[in-house]
4 protein chains.
Amino acid sequence: MIIIVKSGTKEERIRDLIRWIEAQGLKTHLSEGEYSTIIGVIGDTSKLDENLVGGLDIVEGVKRVSEPFKSANRKFHPLDSVIEVGEAKAKVGAGHFAMIAGPCSVESEEQIISVAKSVKAAGATMLRGGAFKPRTSPYDFQGLKADGIELLLEAKRETGLPIVTEIMNANHLPLFEEVDVIQVGARNMQNFELLKELGKTNKPILIKRGLANTIKELLMSAEYIMASGNENIILCERGIRTFETATRNTLDLSAVPVLHELSHLPVIVDPSHATGVARYVKPMAMAAAACGADGLIIEVHNDPAHALCDGAQSLRPEQFAELAQAVRTVRAAALEAEGGKQA
Amino acid sequence: MIIIVKSGTKEERIRDLIRWIEAQGLKTHLSEGEYSTIIGVIGDTSKLDENLVGGLDIVEGVKRVSEPFKSANRKFHPLDSVIEVGEAKAKVGAGHFAMIAGPCSVESEEQIISVAKSVKAAGATMLRGGAFKPRTSPYDFQGLKADGIELLLEAKRETGLPIVTEIMNANHLPLFEEVDVIQVGARNMQNFELLKELGKTNKPILIKRGLANTIKELLMSAEYIMASGNENIILCERGIRTFETATRNTLDLSAVPVLHELSHLPVIVDPSHATGVARYVKPMAMAAAACGADGLIIEVHNDPAHALCDGAQSLRPEQFAELAQAVRTVRAAALEAEGGKQA
Amino acid sequence: MIIIVKSGTKEERIRDLIRWIEAQGLKTHLSEGEYSTIIGVIGDTSKLDENLVGGLDIVEGVKRVSEPFKSANRKFHPLDSVIEVGEAKAKVGAGHFAMIAGPCSVESEEQIISVAKSVKAAGATMLRGGAFKPRTSPYDFQGLKADGIELLLEAKRETGLPIVTEIMNANHLPLFEEVDVIQVGARNMQNFELLKELGKTNKPILIKRGLANTIKELLMSAEYIMASGNENIILCERGIRTFETATRNTLDLSAVPVLHELSHLPVIVDPSHATGVARYVKPMAMAAAACGADGLIIEVHNDPAHALCDGAQSLRPEQFAELAQAVRTVRAAALEAEGGKQA
Amino acid sequence: MIIIVKSGTKEERIRDLIRWIEAQGLKTHLSEGEYSTIIGVIGDTSKLDENLVGGLDIVEGVKRVSEPFKSANRKFHPLDSVIEVGEAKAKVGAGHFAMIAGPCSVESEEQIISVAKSVKAAGATMLRGGAFKPRTSPYDFQGLKADGIELLLEAKRETGLPIVTEIMNANHLPLFEEVDVIQVGARNMQNFELLKELGKTNKPILIKRGLANTIKELLMSAEYIMASGNENIILCERGIRTFETATRNTLDLSAVPVLHELSHLPVIVDPSHATGVARYVKPMAMAAAACGADGLIIEVHNDPAHALCDGAQSLRPEQFAELAQAVRTVRAAALEAEGGKQA
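Residues numbered from 1 in each chain as written. Chains lettered and ligands numbered in written order. Predicted model: local features only at pLDDT ≥ 70, side-chain atom pairs only at ≥ 80, totals over all residues. Heavy atoms only, no water.

### Regarding the relation of the copies chain A and chain B
Each copy of the sequence occupies a distinct position, and chain A is placed on chain B by a rotation of 180° and an axial shift of 0.0 Å, giving an RMSD of 0.0 Å. Here the transformation between the copies is reduced to the relation of a two-fold axis. Closest to the rotation axis within chain A is the C-alpha of A:Ala212, separated from it by 2.5 Å. (Least-squares fit on C-alpha atoms with pLDDT ≥ 70 in both.)

What follows is the structure, encoded as structure tokens:
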């Protein structure tokens, strides 16, 4: 950490600051220039609160030289991580692509099994479905809860697809025993109490970026889980909140190469929630594959009786099949262009 | 709710849509124009998912005529709510101003009692202090937890000030039995599981707006607590995330008159976390008082040995005393200008 | 336009509003419901100020049924536009891909000709280079101005590549006589006086989205140029301003399918300015090609003596050649996946 | 400027970088630590492009020690500037409060003179009115232009109020000869060609912050005008673009104390455009006065025939009179609280 001291600061106050830093077990290195004085801080500066130091009246600015995340950091773990999912040990990361698909909410046995079969046929590698649903309004449908998980497990038995579903409360963990990947939703990305509990399991965790969270904060949330002992993390970009209203959120695809640079963890993309509009899901899925995403999570609805829902963010199974085929084609081209190869 | 159907849509598909809406117990009213067809939906439309309808391929747009929040809505509750706090029944709202002050974290008995005494002397009506701390990094200090609450209760016994402290996990509720106001932090504003549990208590809840949450979403989160039975809610504006970096967040003071218009609940402002810089706290506190806020929550630090912290977002007790005096002066003027009067 | 009148509004005031609307040559259609009254407005509502009407105290909300842009609107011009550039009539749009490359600033004859030759060899279809430079600071280098344009023209004579360069002042138009594509920078997207003057030329105009401008505002700015008589417009997405700082701006690639849906104009992407980091330019260029962009504009620097600049947002010529090859591969795959074909 | 070099960088490349910096007339100071190497750069670093240096592949980060604005910087000009307006030498800044009021657009002689008289009676110190109007749509009313300025001058002759009106094109400057304050709108904040021309006049310039511009960029735009010779600048906060839609923009009142700290220039606030809703204008005007703004600019409409417009962002004259009175009361209290005094 580099601390730039304001010009004109009394020597005594600088000495106080240095003493305080060293009292925390860190070393310092003073460099006095004509216009400013710089204190280099060496050691485990992750314990030093950047905001606190930056707010001191004698400090002009603070700059971290090293990131405060460790377990998730590519510097200390140069090779891509591969996350293994379920009994089938389906792989994600390092060239293994996850194609996760399924309905927004689990509604009935018929629905979830029908969707599971059709997305499997189209090439999905995992089944998603909401059992516990975070809803902005307390009056909206909150999901089938435990029953929804039962139905997902039924679909898993029928199709062999590992299942992904969202947790909203650590107290529900016993219900997730046979769930293959536990999802942390965008609204809970900084529910640190939940993250710590998930860190005590050994389940793969799919963690979604919060609407107002930076890429580094996403990594810090992954770090919470990893620091508690669980290193099976899949990161997910799903759009951030901006002033633009043509799409529900703004999909920040640049997060894919940025995350790949900073971390060894696999990165998947959710174009369904990011755009909120079915007809934009396929082009954005293709774009995600082209810039190196390690997977996609796509909403697929299967309800011929409610053809009404066509236009929402969910695709029909046949649209998903087209998307999956297009993604495979683009991904193969991108890997060829990168001189890489599919795992 | 008004649904605008795209021009050129086949009559049959419009009829399907109407049938689907009516199947949910709502009435419709069709109005066919030269260029568009409009379906008016009458009844409890809070059950209708706006995004789902808006995403239909035959729908041009959707417009809610009534807000989906009810208990928090001023329309159904025209008079300002007054929230009563603690055994002393300190009031907030409808002309009663809350001046909440205290340290970021509870650190020691000496610290919290010293701060409590000094802020009380300066006019604070409640004491705040963090026992459970949400931190972006798992390696940062996470608070004294249960011990911190004990120390707050000690300070309450010493000074008589009601105490406000943040909860991060509904499982901790038994520890909050003697806490007077339970705070929901910005990161947990949409932790719906926590909100529902708080709705089952009868404690006043201070709920902070999330960094990326709209004013209406804040009201929907209040609605979660109220729908579960607890109507003692204090809303808190504490800055939103924007591109500007001169302050930590961007304090959205317009939220004060907007919230007062939409809701009967009291609205307080946290200029310490919003700006992140001690020297901006006083002017923004004065501005909050001038535009009608029902209270303030201010970080005050009392640590002569760590004079280093001067510049951070916390004020020293003597700075808080100046702020409190300035706020009283401005508030009296604003009330006079509004022809109103202090409760 | 649909105007929703607040419930409880006096009939007389509704009649006043209707009279005022009709006085502007528009027709109205009244629909009274149980809970609200709706006024449908028919005719050329582009003259009606949505903010003014929405701000009336008797109005609950306003919803436009048709977009206020006409010339740029796909509804009235279903086929993709093809823009022809320069004497060579290089095409952009409807399957014709523009690969525009060149240095941030024109610095010298040697530099621009060297870059022009290398990007042409790598497959560029146009040469870009800044002669007039918009700089945040008045103390930064402002470009070679007229001399810079002369050097670009020299490079065009040497290589045959059409040239693209930015205008900052309509008074400079005479200097742009031989320029093939005039660029309007992000900061000038709503410099309406400049747009009107460009509308009087018949030059292709490349207009960049402003940092805080919505997709619809970009189309309205295109409309300014088109309404003045020039329909040769190329739209450019180059990132918007958000809270994320890992990249200079946030590239909003969803804008590509959204713009293609709303408008017939070609859409290109500038990943260099959007990300601000050379190593993210290639993956984002590939993503842009995958989601259907009609072209790219890429910064390429050619300065072996200043190898220093490697890391900035500019690519070296050999890196651009790799990017161009990768984009061709991905684009062919995306077209194949879409069942489409390259023009 | 502090440049932090990545650990592991070859000495030779560091020497290249130092040589390049020194070739630009700057001095360097090298400090090698265990984990990183720091280059301090001394001299006029405003010429050094921070983005360019920060983008180098060997650079971990860059931190400016001094701001790149000079003329606008309080460091070099500690006392508040006072701007004198018009023949009457009306003062703004250093305790002199500007109350600027008038209609959005000048519509007719009767209208502007009527509004001018009423706002003067209510305490306005200047008259505003749009003659050239920046409109998002080319089909919207663009203002009365030269005739509008004539009418403003007529109102000035009648009332003695100095006039403020917006310029959109430097070619129109001859029309602004008798205008007292020239306004640069938010959309033109970074129209650097216009700023330079305004720098050659000696008129007071009121420059509004752009919707996506940081506080520092606003100061850099002021710097453009000052660097060209005109130091009569009034800064104006008018809301920034965020995800919140309850108000048209988000008024960033913290910008007032931040700008006062960074610069000696007066800072006024425009709550009419920031909120876009008449009923929020008064509370936000009071808040602006409370946090130390040097003035306000308020839209006032006077059109009994169009009582329709009540609800828009414009106030009626009697509402403005109430606002002006409330602002005086709050301002007096704020000054008293600050121990300051009105000029």
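Now, onward.
### Considerations on the relation of the copies chain D and chain C
Aligned on chain C, chain D shows an RMSD of 0.0 Å; the corresponding rotation is 180° and the shift along the axis is 0.0 Å. In this assembly, 100% of the residues forming the interface of chain D have copies in chain C that are likewise at the interface, indicating an isologous arrangement. (Contact = heavy atoms within 4.5 Å.)

### Here we look at the sheet that holds strand β2 (residues 27-32) of chain D
Residue and element names in this part refer to chain D. On the basis of which strands lie adjacent, the open sheet formed by 4 strands has the order β2-β3-β1-β4 and antiparallel pairing. Strand pairing shows two members of the sheet lacking a second neighbour, β2 and β4 (59-63), which therefore form its edges. Taken pair by pair, the neighbouring strands of this sheet meet at an average axis angle of 20°, ignoring direction. Two elements, strand β1 (residues 2-5) and strand β3 (residues 37-42), share 4 bridges in a ladder whose sense is antiparallel. Across the sheet, Ile 3 pairs through a bridge with Ile 39, a residue of β3. (Pairing = 2+ DSSP bridges. Helix = DSSP H or I, 4+ residues; strand = E, 2+ residues; numbered from the N terminus. Axes fitted to C-alpha atoms, helices over the stretch in contact; angles between N-to-C directions.)

### What to know about the pairing of strand β1 (residues 2-5) of chain B
Residues and elements named next belong to chain B. In β1, alternate side chains face the same way, and those of Ile 2 and Ile 4 on one face and Ile 3 and Val 5 on the other are all buried. Inspection of the sheet shows β1 paired to strand β4 (residues 59-63) by 4 bridges, in the antiparallel sense. Counterpart to Ile 2 in the pairing with β4 is Lys 63. (Buried < 20%, exposed > 50% of the residue type's maximum accessible area, 1.4 Å probe, protein only.)

### Some points on the packing of aromatic side chains
Residue and element names in this part refer to chain A. Under the defined criterion, the tally for this structure stands at 8 aromatic pairs over all chains. With a centroid separation of 6.1 Å and an interplanar angle of 25°, the aromatic rings of Phe 132 and Phe 176 are classed as stacked. Here Phe 176 lies in the loop between β9 (163-167) and β10 (181-184) and Phe 132 lies in the loop between β8 (126-128) and α4 (146-159), a separation of 44 residues in the sequence. Phe 132 gets classed as buried once you look at its relative accessible area, which sits at 5%. For Phe 176, a relative accessible area of 1% corresponds to the buried category. With a centroid separation of 4.5 Å and an interplanar angle of 15°, the aromatic rings of Phe 192 and Tyr 224 are classed as stacked. (Phe/Tyr/Trp six-rings, centres within 6.5 Å; stacked < 30°, edge-to-face > 60°.)

### Observations concerning helix α5 (residues 192-199) of chain D
Residue and element names in this part refer to chain D. Within α5, 6 of the 8 residues are buried, leaving the element largely enclosed by the surrounding structure. Every buried residue of α5 is listed here: Phe 192, Glu 193, Leu 194, Leu 195, Leu 198 and Gly 199. Those residues of α5 that are buried are in contact with β9 (163-167), β10 (181-184), β11 (205-208) and α6 (215-227).

### Here's the deal with the side chain of D:His273
All names here are of chain D. Secondary-structure assignment places His 273 in helix α8 (residues 271-275). When its relative accessible area of 14% is taken as the criterion, His 273 is described as buried. For His 273, the side chain forms a polar contact with the side chain of Asp 270, separated by 2.8 Å. A polar side-chain atom of His 273 sits 3.0 Å from a polar atom in the side chain of Glu 299. Sequence-distant contacts of His 273, that is, excluding residues within four places in its chain, are made with Arg 128, Lys 208, Arg 238, Arg 248, Asn 249, Glu 299 and Gln 313. (Polar contact = N/O pair within 3.5 Å; in protein donor to acceptor, adjacent residues only side chain to side chain.)

### Thoughts on the interface of chain D and chain C
At the junction of the two partners, chain D supplies 53 residues and chain C supplies 53 residues. In this assembly, chain D and chain C are joined by 2 salt bridges. In this structure, C:Glu217 engages D:Arg241 in a salt bridge whose closest nitrogen and oxygen atoms are separated by 2.6 Å. Linking chain D with chain C are 19 residue pairs in polar contact (both at pLDDT 80 or more), by the criterion used here. Those elements that provide at least two residues to the side of chain D that touches chain C are α1 (11-22), α2 (50-55), α5 and α6 of chain D. Ranked by residue count, the leading element in the side of chain D that touches chain C is α6(D), at 5 residues. (Salt bridge = Lys/Arg side-chain N within 4 Å of Asp/Glu carboxyl O.)

### Details of helix α4 (residues 146-159) of chain C
Residue and element names in this part refer to chain C. Compared with an ideal rise of 1.5 Å per residue, which puts 14 residues at 20 Å, α4 spans 20 Å between its outermost C-alpha atoms and is within 8% of the ideal. By the burial criterion, the buried members of α4 are Gly 148, Ile 149, Leu 151, Leu 152, Leu 153, Ala 155, Lys 156 and Thr 159. Structurally, α4 contributes buried residues whose contacts are with α3 (109-121), β8 (126-128) and β9 (163-167). Phi for Gly 160, located one or two positions after α4, is positive at around 80°. (Expected span 1.5 Å × (residues − 1).)

### A few points about the interface of chain A and chain B
Counting residues at the interface gives 53 residues for chain A and 53 residues for chain B. In this assembly, chain A and chain B are joined by 19 residue pairs in polar contact (both at pLDDT 80 or more). Counting only elements with at least two residues in the side of chain A that touches chain B, the list comes to α1 (11-22), α2 (50-55), α5 (192-199) and α6 (215-227) of chain A. With 5 residues, α6(A) is the largest single contributor of residues to the side of chain A that touches chain B. Grouping the constituent residues of the side of chain A that touches chain B by class yields 19 nonpolar, 17 polar and 17 charged. (Nonpolar A, V, L, I, M, F, W, Y, C, P; charged D, E, K, R; others polar.)

### Some details on the sheet that holds strand β2 (residues 27-32) of chain C
Residues and elements named next belong to chain C. With respect to topology, 4 strands assemble into an open sheet ordered β2-β3-β1-β4, the strand pairing being antiparallel. Two strands in the sheet have a free side with no partner beyond their single neighbour: β2 and β4 (59-63). This sheet shows a mean twist of 20° between the axes of neighbouring strands, independent of strand direction.

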